[in-house]
Amino acid sequence: MSGQDGRERPAADVAGTGAEWHGGIDAGALHSALGRALTRGGDFAEIYVEERDTLGMRREDRQVDQVTGGRESGVGVRLCDGERTYYAHSDELSEAGLFRAADTVAAACGRGAPGSVVDLGGVRSEPGRHPVAVPPEGVAIERKRALLEAGDEAARAAGGEVVQVTVSYGEGRQRILIVNSEGDAVRDDRTRVRLMTNVVAHRGDVIQTGYESLGGSIGFELLDESAAERVARAAAQKALAMLAASPAPAGSMPVVLANGFGGVLFHEACGHGLEADAIVKGASIYAGKLGEMVAAPIVDAYDDGSLPNGWGSAAFDDEGVTTARTKVIDGGRLCGYLYDRRHAGRLGASPSGNGRRQSFRHVPIPRMTTTYIDSGDATPDEIIAATPRGFYARSLAGGQVEPASGAFVFGVSEGYLIEGGRITRPLRGATLIGSGIDILNRIDMIAADMDIKSGMCGKDGQAVPVGTGQPTLRIAEMTIGGTA
Amino acid sequence: MSAREGPDVTAAEHLDRIVEAAQAAGADEAEVFGQRSVSRRIKVFGGDVEELDQAVRQGLGLRVLQAGAVGYAYTSDVTGPGVEELVCRALAHAAVTDPDEHALLATPGDGYPPVDVHDPRLDDLSIEQKIGLARDTERAALDHDPRVKLVEDTIYADADAGVALVSSLGVRGSYREDDCYLFLYVLAELDGAVETGIAYDVGRYPAGLDAGACGIEAATRACRLLGARACPSFKGTAVLEPYVAASVLNVLGSALTAEAVQKGRSLFARLEGTPVAAPIVTLLDDGTHPQGLASAPFDDEGTACRRTPLISAGVLQGFLYDVRTAHKAGRTSTGNGLRGSYQALPSVRPTNLVLEGPATPAAQIVAGIEHGVLVTDAVGVHSGANPVSGEFSVGISGILIENGRLTQPLREVTLSSDILSMLKGVVALGDDARWVPSGSVLVPSVAIEGMSIGGT
C-alpha cells in the first residue's frame, strides 16, 4: 500500500522543544501540581495526561450500520505513600482540573511532611519504536468503508451456508504525557488499527460462528482489501468447518493446541499468575517459585512490550518505563515476573515496563503486553502424526482462570478429533479444563510456527490491548468437558 | 473531588443548545445524551488503605439522523470547541453510514414513571467511615475461619451519577442515581490447596451495607470448598446458587433481546407464545424495581422504563426492544435502549432481570435430591453458554449432594446441558432470592434436573 493518501504528521518529536502535544498544560503547571500533590505527605507523585481519538465502523446485515467515534481527554494524579495509593482523575483537561485533582490526593493523604519534587528533565519520546507510515486519521473514511465491504463479500463468498457477517474496523490514537516527582517526563503517541470479522453459518438446526482479527500498533498500512478478505475468509472457514461437528466427548486425552489463538491459554493460565500484584499478595501459584521448574524443560516463554508494531506494544508503559522483552520461563524454569513500579519496589526488582492502564481514569497495575511460548523445532504435521488419539484445538473462544489456584476453563470454538495421527472430524461444545502448572509440565512437543493474535484483556475493570501467541504444541494429557 | 468548571451536561438547557447546533449544521434530527458522575473506590488490604480513587467524569454523546442514516460521536470536552468538533464528527459519520428506515429517535410518550433512584444518604458517611466499612468487611472474613489465608481484594465503591437526554423530537428528561457496593475475594487454604470465594453487598447508601455479613459470606463460600476433588461423571440435579444462576440469566437476557432475534442470534426466535420453561418459571425485565441497580425513569434514548414479562408460567411472552428493533418488528420499545456510557450508541439490553416463582426453602431443595451437585461457582459461563446454539458447558466448583445431604466438595468438574432443556428442567426455586450486581439480577437458587456432571 502506498502512503499517498496519508496526511503527514509533523517531523518526529524532539524532546523539550515545547512544540509537541502537551494537552494544553505547560511544564510549569505540571511541576507545581506535583508539588501540590505532595504537600501533605507521600513519597511519589505522578501526573498522567491523555487525549484519545477513536473511530469505529461496523458492517452487519450487508449494511454499514454504525460509525461512531470521538475524543476523550483528561488527567490523573497519583500519590503513593508507603503501601497506600491515592488517585484522582478528571476529564477536565486544564490547569484548574489538574490542580483540583492534585489537591484531592493531597487531602486524602493528609498525614505527613511535604515531599519533594525533582526538577523535570527534558521530555523523552521514542517515535521510531513502532513506526506509523500511514496515520489512519488522514485516510479518507470511504477507504475504511471499502474494507468492510471487501470483508463482507469475501466471507459470504466462502460458502452458501454463511448467513450473517459482521465486519468491524477500529482505529485509535492515544497521546500521553507522564511526569513524576522523580523528574521523569515521557511523551508517547500511540496509533492502533484493527479489523475484526464475525461469521454465522447455518445448516439445518446447527448454527456455528467463526471469528478472526488483525491488529497492531501501526498505521493504516497494515490493512488493505486483500487483508480484509483474508481475515474474513479465515472467520468464515471456522464457522463452516464446525457445521458438520458432532458433540465433543468428555474425558482425558492428549490435546494439540494450534498456533496463534492457542496462546490465550498461556495468557490466562500462566501469564496472570506472573503479574507482580498477585505475587506480592501471595495470591499466585507462581509466588516464591523463581528459579524453580514450573514447566516442561522444552518450554521458553516471554512477555514482549517492545515487539515492533505489536498490538500490545508501546514505546513506554503507562508509568513512563521503556518497554522490553522479558523472559519469564527459561527451559521450564521460572525466571521472571511482570512488574509495575510499585510492585517492583515491593519485591526489590526493577520495573519491567508492564505498568499499564486503560486510560487516565485508571491506576497503573502490572499487565501483560504480548505474551508467548517460544518456538520449538517440530512441525505441526509431525505433532499431529505423533498423536494416535487426541483433540486438536484450532481456535479457543476465551475462558476464565483463578490466578490463586491457576485453575482454568476454556471454550473451544474450533476443535477436531485426532485419530491414527490424522485430523478426522470436527467436534463442538468442547471445553478445556485444567490448571496452569500442570499443563505447562505436560507440554511434550512444540513446533516452529509461531503466530501472535490481537485481543483485549480485562483485569480489575481495566481493558488493555494484548497480544497472545504460541507455536502449535501438544499437551500430553488434558481434561476435556464435552456434551456427548 | 466535586467542584468543576464549565457547563453541567446534565442540565437540559445546555443540551438544547447542542441539539440546535447540530440541526443548524445540517442534521435532520438530533439527540444528545449527557452523563456526569462523581465516584469513589476504596481498596483495602491487610487492614490498611491500598488504594483510594476519586473521580469526576462527564461527557456527551450526540446521535444525528441525516438523510435516513445515523451518525454518532462523543466527547469528554464539553466546552465550546469540544462541542463544535462533536457536531462535525457526528455528521461526518452519518455521511458514510447506510440509510436505515428503522433508525429513528424516540418520540415523547405520556411522561415517565416516578422511579426515584437518587439517595442523598450516599454522602452520610465520611471517607474515613467508608474506609472503615471496607476494613470491617476484610476483618470479618479473616476472623471467621482460621483457614482463611488472605483476602486478596476488599473494595468499597460508590457513585453519584446524573443523566440528561434531549432530542429534537421533544424528548427531555434528567435524573440522578446513587449506588454503592462492597466486594471481597477470599482465599482459603488447606494442605496447600487454595479455594476462593466472593461476596457482594449492594445498596443505594453505605449505611445500609452489612460489612460483617458480606465478609462472613465470602469466607464461608471459600472454606466450604476446601478438600475439593473431582468426582466420577454422572447425570443428576444441579442446584445453582444465586450468583451462578445470575450468570446463566445474563446469557438468557441477551438471547431474549429483539436484536439477537432479528439477527438470527437467539435460540428463542420463533418460540414466542410457546412453552420454553417449566411452569414454575416466570422471568421479567423490570426497569422500575425500587432496588434495581439498572432502574431509571427512562432508558438511554428516552423511552419510559417498565416491567416486561419475558417468560410467564413457562411460556415465552416476548422480547426486549429499543426504538429501532421495535420499529422493525412493528412493536413499541420496551424501554431497553441502553448504553454502556456516553461513548456508545444505545443497543438492546436487559435492565433488571427478575426470576420469580413458588419458593421452596433452600435446605428442603437439597434434602429432596438423591444424587446431584450444589453449584457454588461457575467459570466460563460467558464462553461456555452459547445463546445461539443453546449449548451449555461450564466449569464449576460445588458440593456433591448424596441422599439429600451435602457431602464432598468438588473441583475441575464440568456441568453441561442445553439451555432449553435446562429451562424445562427447573424443578424448584429457593426462598433465598437476592440481587447479584453483575448485570443486575434478582434471583433465588435454581434446581435443574437432568444435568450432565462431568468429572473423571
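Predicted model only: the values in this text are computed from it and were never measured.

**Overview of the overall build of chain B**
Here is step 1: A count of helical and extended segments in chain B gives ten helices and 21 strands.
Here is step 2: Against the 2.2 N^0.38 benchmark of 23 Å for 456 residues, chain B shows a C-alpha radius of gyration of 24 Å, consistent with a compact globule.
Here is step 3: If one aligns the C-alpha atoms of chain B with their principal axes, the spans along those axes are about 70 × 55 × 35 Å.
Here is step 4: For chain B, the residues scored as buried account for 58% of the 456 residues in total.
Here is step 5: Contacts in chain B between residues at least 24 apart in sequence constitute 73% of all its contacts with a sequence separation of at least 6.

**Describing helix H2 (residues 95-109) of chain A**
Here is step 1: Between its first and last C-alpha, H2(A) extends 21 Å over 15 residues, near the 21 Å set by a 1.5 Å rise per residue.
Here is step 2: Among all positions of H2(A), only Gly97(A), Leu98(A), Arg100(A), Ala101(A), Ala102(A), Thr104(A), Val105(A), Ala106(A), Ala108(A) and Cys109(A) are buried.
Here is step 3: Looking at the packing, one finds that the buried side of H2(A) touches helix H1 (27-37), strand S1 (44-60), strand S2 (63-81) and strand S3 (84-90) of chain A together with strand S2 (48-66) of chain B.

**Side note on the domain arrangement of chain A**
All names here are of chain A.
Here is step 1: Domain boundaries assigned for chain A yield domain 1 (27-243) and domain 2 (246-481).
Here is step 2: Computed over C-alpha atoms only, the centres of domain 1 and domain 2 are separated by 23 Å.
Here is step 3: Taken residue by residue, the interface counts 29 residues in domain 1 and 24 residues in domain 2.
Here is step 4: Sorting the residues of the side of domain 1 that touches domain 2 by element identifies S1, S2, S3, strand S5 (185-203), strand S6 (206-216) and helix H4 (225-241) as the ones contributing at least two each.

**Comments concerning the nonpolar core**
Here is step 1: Judged by nonpolar contacts, the single largest core of 250 residues is most densely connected at Val105(A), Leu62(B) and Val186(B).
Here is step 2: Ranked by residues supplied to this core, first place goes to strand S4 (residues 148-167) of chain B with nine residues.
Here is step 3: Among the nonpolar cores identified, the runner-up in size contains 38 residues, and Leu148(A), Met196(A), Ile218(A) and Ala239(A) belong to it.

**Section: the pairing of strand S13 (residues 353-356) of chain B**
Every other side chain in a regular strand lies on the same face of the sheet, so the side chains alternate between the two faces.
Here is step 1: Of the strand pairs in this sheet, strand S8 (residues 282-286) of chain B and S13(B) are connected by four bridges, and their pairing is antiparallel. Pairing of Thr282(B) across the sheet is with Glu356(B), part of S13(B).

**Brief notes about the confidence of the model for chain A**
Here is step 1: For chain A, per-residue confidence averages 91 on the pLDDT scale, and 95% of positions sit at 70 or higher.
Here is step 2: Segment residues 1-18 of chain A: pLDDT under 50, and 29 contacts once partners within four positions in sequence are set aside and those in other chains are kept.

**Re the interface of chain A and chain B**
Here is step 1: At the interface, 59 residues of chain A touch 58 residues of chain B.
Here is step 2: Broken down by element, the residue count for the side of chain A that touches chain B peaks at twelve residues, all from S2(A).
Here is step 3: Of the residues in the side of chain A that touches chain B, the class split is 20 nonpolar, 25 polar and 14 charged.
Here is step 4: The sheet contact formed by S2(A) and strand S3 (residues 69-75) of chain B spans four bridges and is parallel.

**Digging into the domain arrangement of chain B**
Residue and element names in this part refer to chain B.
Here is step 1: Looking at chain B, the domain boundaries give domain 1 (120-162 + 175-223) and domain 2 (228-456).
Here is step 2: Contact with domain 1, which involves eight residues of that partner, is made by seven residues of domain 2.
Here is step 3: Of all the elements in the fold, those that place two or more residues in the side of domain 1 that touches domain 2 are strand S5 (172-190) and strand S6 (193-203).
Here is step 4: The element contributing the most residues to the side of domain 1 that touches domain 2 is S5, with four residues.

**Some thoughts on the packing of helix H3 (residues 127-144) of chain B against helix H4 (residues 211-223) of chain B**
All names here are of chain B.
Here is step 1: Taken N-terminus to C-terminus, the directions of H3 and H4 make an angle of 40°; their axes are 7 Å apart at the nearest point. Here H3 lies oblique to H4, going by the angle between them. Crossing angle aside, the handedness with which H3 passes H4 is right-handed. Contacts between H3 and H4 involve Leu133, Asp136, Thr137, Glu138, Arg139, Ala140, Ala141 and His144 on the former and, on the latter, Ala211, Gly212, Cys214, Gly215, Ile216, Ala218, Ala219 and Thr220.
Here is step 2: Each residue belonging to the contact of H3 with H4 can be placed in one class, and the counts come to eight nonpolar, five polar and three charged.

**Remarks on the sheet that holds strand S10 (residues 315-316) of chain B**
All names here are of chain B.
Here is step 1: Strand order in the open sheet formed by six strands is S10-S9-S8-S13-S20-S19, and the pairing between neighbours is mixed. Taken across any chain shown, the strands that pair with only one partner, and hence form the sheet edges, are S10 and strand S19 (434-436).
Here is step 2: With two bridges joining them, S13 and strand S20 (residues 441-443) adopt parallel strand pairing. Paired with Val354 across the strands is Leu442, a residue of S20.
Here is step 3: Strand contacts of helix H5 (residues 242-255): S13, S19 and S20, with the helix running at about 125° to S20, the strand carrying the most contacts.

Parameters at a glance
In this numbering scheme, every chain counts its residues from 1 along its sequence in written order. Chains carry letters and ligands carry numbers; both start at the beginning, A for chains and 1 for ligands, and go up in the order they are written. Local features are withheld for residues below a pLDDT of 70 in this predicted model, meaning they are given only at 70 or higher, and side-chain atom pairs are given and counted only at 80 or more; totals for whole chains, interfaces and linings count all residues. Elements are defined by DSSP. Helices are runs of H or I of four residues or more, strands are runs of E of two residues or more, and each kind is numbered from the N terminus. The quantity called the radius of gyration is restricted to C-alpha atoms. Its globule counterpart is 2.2 Å times the number of residues to the power 0.38. Exposure classes come from backbone-placed C-beta atoms, where a residue is buried if 20 or more other C-beta atoms lie within 10 Å of its own, exposed if 12 or fewer do, and partly exposed in between. By the convention adopted here, residues are in contact when the distance between their C-beta atoms, placed from the backbone, does not exceed 7 Å. How far a helix is expected to stretch is found by multiplying one less than its residue total by 1.5 Å. By convention here, the domain bounds are inherited from an automatic or database domain assignment. In this description, a nonpolar core means buried residues of the types Ala, Val, Leu, Ile, Met, Phe, Trp, Tyr and Cys, linked to one another by C-beta atoms lying within 7 Å. The pairing criterion is simple: DSSP has to find at least two bridges between the two strands. pLDDT gives the predictor's per-residue confidence on a scale running from 0 to 100. Asp, Glu, Lys and Arg are counted as charged, while Ala, Val, Leu, Ile, Met, Phe, Trp, Tyr, Cys and Pro are counted as nonpolar; the rest, among them Gly, fall into the polar class. Here an axis means a line fitted to C-alpha atoms, over the contact stretch when the element is a helix, while the angle between two N-to-C directions is reported on a 0 to 180 degree scale. Comment on the angle field: the value is read as roughly parallel under 35 degrees, roughly antiparallel over 145, roughly perpendicular from 65 to 115, and oblique elsewhere. Throughout, a crossing is termed right-handed when the near helix is turned clockwise from the far one, and left-handed when it is turned anticlockwise from it by less than a right angle.

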